[in-house]
Amino acid sequence: MMRKTRGLHHLTSRKWKTLIIIMLLFLLYPLMFVGRLSNGCDVRKLVLRRWEENLLTVIQPYNESEVNDVQPVYPLLKTKNTARKKKRKTAAWSSSPKLTTPFNATLWNFNKAEQVETLSLWDGLSTCSGPHSILSNKFPIGRYSGVLLPFVRSNLPQVLMGNMTVQYVELALNFLMVFSEEDSMKIGFNSLAAGASVNHLHFQFWSISTKLPVEVAKCDQIWNSKGVTLLRSHHLIPSVIFRFPPSLISEAAKLATPALSWLTSNNIPFNLLMSRDFDATESQSISLCLMPRKPTSAASMIASVLPPGFPEISGLIIATDSETFNYLTSENVIAHYQAELAQTSDVMRGLLESLGG
């Protein structure tokens, strides 16, 4: 009788072990196929492949129309993208929130995204090791639209200020370099009150072969420091641009940080656009466009159909339906930008002073 009891006890123990193993495999199964990678080539391949797979199941069909010129004086582009109309309804930020608002776990954040939206985990750089999470954008800006979440487990707010800012910017710039020239990737950032609807640190990326208006606007050089050039752009939204070769990413991130901290500490919303350029000799340069702007006004009629984030501030207007697409003419868009979004000359002066310009 004693042997029988031990036998039953032994069998029960094995069942429990088996059950625990099955539960662990169930929990880890998604990560086994997501992968955690440090090699840039592998990250690129995995992100692009899994995005195409998610396009069939997770990502909203976006039916992006051709990009059209709107205005030759201030170059503007517009496109129609129906998926953005279904964008997640997240915390409704007031038109002028504090840019240093802390992360709030009770509000929607990227920890609550579906597991299938994850494209990859990325170890990043030796100076900024992760894991960093890469998600597909369920409501895409365009092709290969996704989200880079630095230090995803740290629950950081959507703030670029302080000692870690250099690492965040450097990480985003290096992520841009993961992709090839043919991928035509760009990376953007919205501060709070500048298009960010989720207060969880993230950069967005997407593929677009067309140069955006802020990239081709006339510029004046302010200074050159150690190979990094600072330009003042005459874009419709007055901006500054850091231009530099890929070898100077770290230096450029250090030089840009005082401006980001100055804007944030003074509660001035801003957008960023990061892109690469290749000249006829195949030499590469990177542009980091910093665009201070006014917060979106809830009272503006055009703001209700044109909630401007980094694509719009860069000059690419994304309409979510045909009616809006036809409504947005060069006259009303330019009037809105100049009256309600472009910052004052005092802000530009303070920004340049923070950069020694």
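In this text the structure is predicted, and so the values were computed from the model without any measurement.

Q: Explanation requested: the packing of aromatic side chains in the structure shown.
A: Aromatic ring pairs are reported here in terms of the distance separating the ring centres and the angle at which the planes meet. As enumerated under the stated definition, the model contains eleven aromatic pairs in all. On the basis of an interplanar angle of 65° and a centroid distance of 6.2 Å, the ring pair of F151 and Y168 is categorised as edge-to-face. Of this pair, F151 sits in the loop between β6 (146–149) and α3 (165–177) while Y168 sits in helix α3; the two residues are 17 residues apart in sequence, bridging distant segments of the chain. For F151, a relative accessible area of 16% puts it in the buried group. Using a relative accessible area of 8% as the deciding quantity, one classes Y168 as buried. For the pair F189 and F203, a centre-to-centre distance of 5.3 Å together with 45° between the ring planes defines the contact as tilted. Here the residue F189 occupies a position in strand β7 (residues 185–190), and F203 occupies one in strand β8 (residues 203–207), the gap between them amounting to 14 residues.

Q: Explanation requested: the nonpolar core in the structure shown.
A: Taken as a class, soluble globular proteins show a tendency for nonpolar side chains to be buried jointly. The biggest cluster of nonpolar side chains holds 57 residues, and the ones touching the most others in it are F175, F242 and M274. Beyond its immediate stretch of four places on either side in the chain, M274 contacts V169, A172, L173, L176, K186, I187, F203, S287 and L288.

Q: Even after reading the chapter, I still don't get the pattern of salt bridges, so can you show me in this structure?
A: If the charged atoms of two oppositely charged side chains come close together, the side chains can form a pair. A full pass over the atoms with the stated rule returns seven salt bridges. Taking the shortest distance from any N to any O, the salt bridge between K211 and D277 comes out at 2.9 Å. Within this pair, whereas K211 is found in the loop between β8 and α4 (213–216), its partner D277 is found in strand β12 (residues 270–278), the two being separated by 66 residues in sequence. Between D346 and R349 there is a salt bridge, and its shortest N-O distance comes to 2.6 Å. Taken together, the positions of D346 and R349, both in helix α10 (residues 345–354) and three residues apart, correspond to about one turn of that helix. The exposure class of D346 is exposed, given its relative accessible area of 52%.

Thresholds, definitions, all that
- Sequence positions are assigned chain by chain, starting from 1 and proceeding in written order.
- Side-chain atom pairs in this predicted model are given and counted only at pLDDT of 80 or more, local residue features only at pLDDT of at least 70, and totals for whole chains, interfaces and linings cover all residues.
- To get the side-chain values, take all heavy atoms of the structure and skip hydrogens and water.
- Note on aromatic contacts: the rings of Phe and Tyr and the six-membered ring of Trp form a pair at centre separations within 6.5 Å, being stacked when their planes are under 30 degrees apart, edge-to-face when over 60 apart, and tilted otherwise.
- Here a helix means four or more residues in a row that DSSP labels H or I, a strand means two or more in a row labelled E, and each is numbered from the N terminus.
- A 1.4 Å probe rolled over the protein chains alone gives each residue an accessible area, and that area as a share of the maximum for its type sets the label: buried under 20%, exposed over 50%, partly exposed in between.
- Side-chain atoms within 4.5 Å are what join buried Ala, Val, Leu, Ile, Met, Phe, Trp, Tyr and Cys residues into a set we call a nonpolar core.
- Should any heavy atoms of two residues lie within 4.5 Å, those residues are counted as being in contact.
- Salt bridges, as used here, are contacts in which a Lys or Arg side-chain nitrogen is within 4 Å of a carboxyl oxygen on Asp or Glu.

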